[in-house]
Amino acid sequence: MTKGATARILIIAGSDSGGGAGIQADIKTVTMLGGHAMTAVTAITAQNTLGVDAVHMVPTQMVIDQISAVVSDIGVDAVKIGMIGNADTAHAVADSLSDLSCPIIFDPVMVATSGAVLADADTISAFERLMRLATLTTPNLPELAALGGKDALLARRFPLLLKGGHADGDEIIDELHVAPGQSESWRDARILTRSTHGTGCTLATAIATGLGQGMELAPAIERARLFVRLALRDAPGLGQGHGPMGHPSVREDAMVAGPSLNHVTMGCRDYAASVNFYLALGLQLIVDSSSNGYARFEAPNGVTFSLQQSDDIAASTIIYFESKRLDVWVTELASQGFAFEQLPQDESWGWREARLLDPAGNIVCLYKAGENRRYPAWRI
C-alpha cells in the first residue's frame, strides 16, 4: 500500500440481515478503522439476534466474479475470509487468492452464535487450502476442535490466533502461534453482555485492516482486540437474543497509535461557578467530586476535560496525550534530550503515565489507557 493511501480490504463472507455479524459487521469495522471495505458475498442469510432462519448460497462463480472485479480494478491490501458455505466455493476462493501477495486473515466460520450450522464436513475439509494461504487463521475453541485441534494445526505450521471467548472463567485468553516456539498471548476480563453477535467477524476484520494499513501482526491484534472490547462496552442493546455490538461508538482516538490529545485538566478557584459554566457550554458532567474540588466532563466526540480547584491555577494545568506505544515513545524522546519528571509507571486508576514540563512550565502527561480511558472503574 502506498504511504498515506486508504487500505483496501476485501471481505469474503456471508450477509447477516440483522446487521450484527458477517459482511455488515465487517464493513462497519473497516470503515471505523479508516479502511475501504469491498465485498464478495458468499451467502445471503435471513437472521436476527435470535437465530438464522434461512440461508441462500451465492453461486460459486458469482463469488469469484466479485473477487475478480475488485482485484482487477481497485486492488487489495488485505483479505478477510469469513463464512464460505460449501466446499466448491472454498476451493474456488483458494484458487482466486493464490496469486495475491497481500495478508489474508481466515476466520473459519462454522457455527453462528445462535447455534446454526454454517459449514458442512466437506467445507471444513476444504478449509485446509485456505489455512495454507492465510497469514493467520482465527478459530474459536469449537472451530479449533472441528479443524483437528491445536496440536494438529500447529504441527502443519498454520499460524493461529486461538480465541478463548468460549472457555469458562472470568478471563478471556487469546493465544497467537506464528511458528514453532513462537507464541504470544493476551488476557482481559470477560465483558458480561448478551450483545456478542459478530465478535469473531469483527476481530478478524480488524486484524486484516491493521495489516492492510502496514501494521505488524502483534500490534494489529492488540488494536483489533481493543476495538472489539470497546464495541462490546457500547453495544446498543438491540434485539431479544445475542445482539449486535456498538461499532459506530468506538472512538477513533482509541485506535490510533498516537500521540492523541484527548484530555486537559485546568485549575479553577470557584468550583461551582466553573462547573456551571462548562455545563452551560454543553459538556456532559461525568465526575462531580465537589469535596475534592474535581469535576470531569466529556464532549460528544469522546474528548474529556477536567477542572481542579486550586489557588495556584497555573500549576493545575495538565495536558494529556495518549499513545499505544508509550514506553517506546518516551525512550525516543529521552534519547533526544527530553527530561522527564516521571518515567512511565502504572497508576492505581489503570493508566500508565509519564510526565514532563513544556518550555512554559505546563505539565504534560504522556499515557497509555486503552479501554480504561473511556471505561475506568469509577465510570463502569
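Thresholds applied
- Residues numbered from 1 in each chain as written.
- Predicted model: local features only at pLDDT ≥ 70, side-chain atom pairs only at ≥ 80, totals over all residues.
- Heavy atoms only, no water.
- Axes fitted to C-alpha atoms, helices over the stretch in contact; angles between N-to-C directions.
- Helix = DSSP H or I, 4+ residues; strand = E, 2+ residues; numbered from the N terminus.
- Parallel < 35°, antiparallel > 145°, perpendicular 65-115°, else oblique.
- Contact = heavy atoms within 4.5 Å.
- Buried < 20%, exposed > 50% of the residue type's maximum accessible area, 1.4 Å probe, protein only.
- Salt bridge = Lys/Arg side-chain N within 4 Å of Asp/Glu carboxyl O.
- Pairing = 2+ DSSP bridges.

Trainee: Lay out the packing of helix α3 (residues 87–97) against helix α4 (residues 121–133) with the relevant residues and their values.
Mentor: At a closest axis distance of 8 Å, the pairing of α3 and α4 adopts a crossing angle of 10°. Compared by their axis directions, α3 and α4 come out roughly parallel. Of α4, the residues touching α3 (which contributes A87, A90, H91, V93, A94, D95 and L97) are D122, T123, A126, R129, L130 and L133.

Trainee: Provide a residue-level description of the environment of R225, including the pertinent values.
Mentor: Among the secondary structure elements, R225 is positioned in helix α8 (residues 217–233). Separated by 100 residues in sequence, R225 and S125 have C-alpha atoms that sit 28 Å apart.

Trainee: Account for unusual backbone geometry, naming residues and giving values.
Mentor: Backbone geometry places R157, a non-glycine residue, at a positive phi of 60°. By the element assignment, R157 lies in the loop between α6 (150–155) and β7 (160–162). Residue class for R157 comes out exposed when judged on its relative accessible area of 61%.

Trainee: I'd love a proper account of the pattern of salt bridges, names of residues and values included.
Mentor: What the rule picks out here adds up to 15 salt bridges. Close ionic contact of R129 with D95 constitutes a salt bridge, the shortest N to O distance being 2.6 Å. In this pair, R129 is assigned in helix α4 and D95 in helix α3, connecting sequence segments 34 residues apart. Note on R129: relative accessible area 33%, which makes it partly exposed. In this structure, R352 and D346 form a salt bridge, with 3.0 Å as the shortest nitrogen-oxygen distance. A single network of salt bridges, built from pairs that share partners, joins E128, R132 and R156.

Trainee: Kindly report on the pairing of strand β12 (residues 294–298), identifying the contributing residues and their values.
Mentor: Within β12, five of the five residues are buried, which leaves the element mostly enclosed by the surrounding structure. As paired strands, strand β11 (residues 284–289) and β12 are joined by five bridges and run antiparallel to one another. When the sheet's bridge partners are listed, Q284 is paired in β12 with E298. Connecting the antiparallel pair β11 and β12 is a turn made up of four residues, with G293 showing a positive phi of about 65°. The pairing of β12 with strand β13 (residues 304–309) spans five bridges and is classified as antiparallel. Within the sheet, the bridge partner assigned to Y294 lies in β13 and is Q308.

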